[in-house]
Amino acid sequence: AQKITQTQPGMFVQEKEAVTLDCTYDTSDPSYGLFWYKQPSSGEMIFLIYQGSYDQQNATEGRYSLNFQKARKSANLVISASQLGDSAMYFCAMRPGAGTALIFGKGTTLSVSS
Amino acid sequence: GAVVSQHPSWVICKSGTSVKIECRSLDFQATTMFWYRQFPKQSLMLMATSNEGSKATYEQGVEKDKFLINHASLTLSTLTVTSAHPEDSSFYICSASWVLGTQYFGPGTRLLVL
């Protein structure tokens, strides 16, 4: 079965600290894509980072990096130097094949305090 | 990144009326558009996949006669909630992609049925 699991309903971190949001996935497709989206209270889905199943290196985008461990089927998001504006819901998603819809995890609410 | 718009952003309607939501890709041609539904504090659930010029593919449990989807052009897809009822109140969000591309999400439409 194709599935995304996010086991942390909520995470709390102080400003300037790093935080890791966990994500594991399950698919039998050899080619797949993994995504992280941020959803603030406004509801918009903001694309953060993408990792392809054949990518050799971990993806990075500014303060965001994806810790891709293929054998363990995990795709954790690392946010370095947290900011107050990072407080939001974060969703891990998988695209199990080309052109297919995304499968979302249940999300993790991140709260950043000063 | 690519821009996807949705209109309206908010709609309040009486039970029994129909509501049309538009999803537009503003700067690229979207071969595929997806419609998701999100209840408060929950994840996004795929409702249907829409390819330009063909009938939408609905997920199991989604009534195709209630949620009419039209994808008449490469830049526009519409979702019509027919005879809306209070249980249809939700956040509806579309995404658009080109072949093998990243999905870009619209800002969402909040529907409240009284």
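Residues numbered from 1 in each chain as written. Chains lettered and ligands numbered in written order. Predicted model: local features only at pLDDT ≥ 70, side-chain atom pairs only at ≥ 80, totals over all residues. Heavy atoms only, no water.

When you go through chain A residue by residue, the secondary structure sums to 0 helices and 12 strands. The linear arrangement of helices and strands in chain A, starting from the amino end, is β-β-β-β-β-β-β-β-β-β-β-β. In terms of overall size, chain A behaves like a compact globule, its C-alpha atoms giving a radius of gyration of 14 Å where 114 residues would be expected to give roughly 13 Å. For chain A, the spread of C-alpha atoms along the three principal axes comes to 45 × 25 × 20 Å. When burial is assessed residue by residue, chain A has 47% of its 114 residues classed as buried. Here the contacts in chain A between residues at least 6 apart in sequence split such that 54% fall between residues at least 24 apart. When the accessible surface of chain A is totalled, it reaches about 5,500 Å², and 49% of it is carbon and sulfur. Distance from the positive charge centre (9 side chains) to the negative charge centre (9 side chains) of chain A: 5 Å. (Helix = DSSP H or I, 4+ residues; strand = E, 2+ residues; numbered from the N terminus. Rg over C-alpha atoms; globule rule 2.2 N^0.38 Å. Buried < 20%, exposed > 50% of the residue type's maximum accessible area, 1.4 Å probe, protein only. Contact = heavy atoms within 4.5 Å. Areas by Shrake-Rupley, 256 points an atom, 1.4 Å probe, with all protein chains shown as cover. Lys, Arg positive; Asp, Glu negative; His and termini not counted. Charge placed at Lys NZ, Arg CZ, Asp CG, Glu CD.)

Facing 19 residues of chain A, the contacting portion of chain B comprises 17 residues. Interface area, chain A with chain B, both sides summed: about 1,400 Å², of which 59% is carbon and sulfur. When the buried area of chain A at its contact with chain B is split by residue, Met45, Ala101 and Phe104 of chain A rank highest and sum to 29% of it. The interface formed by chain A and chain B holds 0 salt bridges in total. Of all elements in the fold, only strand E5 (33-39) and strand E10 (88-95) of chain A reach the threshold of two or more residues within the side of chain A that touches chain B. (Buried area = accessible area lost by both parts, 1.4 Å probe. Salt bridge = Lys/Arg side-chain N within 4 Å of Asp/Glu carboxyl O.)

Residue and element names in this part refer to chain A. Within this structure, the stated rule accounts for 2 disulfides over all chains. The disulfide partner of Cys23 is Cys92, and the S-S distance across this bridge is 2.0 Å. Taking the torsion about the S-S bond as the criterion, the Cys23 to Cys92 disulfide, at about -60°, is left-handed. Taken together, the residues span a long stretch of sequence, with Cys23 in the loop between strand E3 (19-21) and strand E4 (24-26) and Cys92 in strand E10 at a distance of 69 residues. (Disulfide = S-S within 2.5 Å.)

Following His7 of chain B, the chain continues to Pro8 of chain B via a peptide bond in cis, the omega torsion being 0°. Along the polypeptide, Pro8 of chain B turns up in the loop between strand E1 (4-7) and strand E2 (10-13). In this model, Ala81 of chain A sits at a positive phi of 45°, which is unusual for a non-glycine residue. Tracing the backbone shows Ala81 of chain A in the loop between strand E9 (74-79) and E10.

That is the geometry; function is a separate question.
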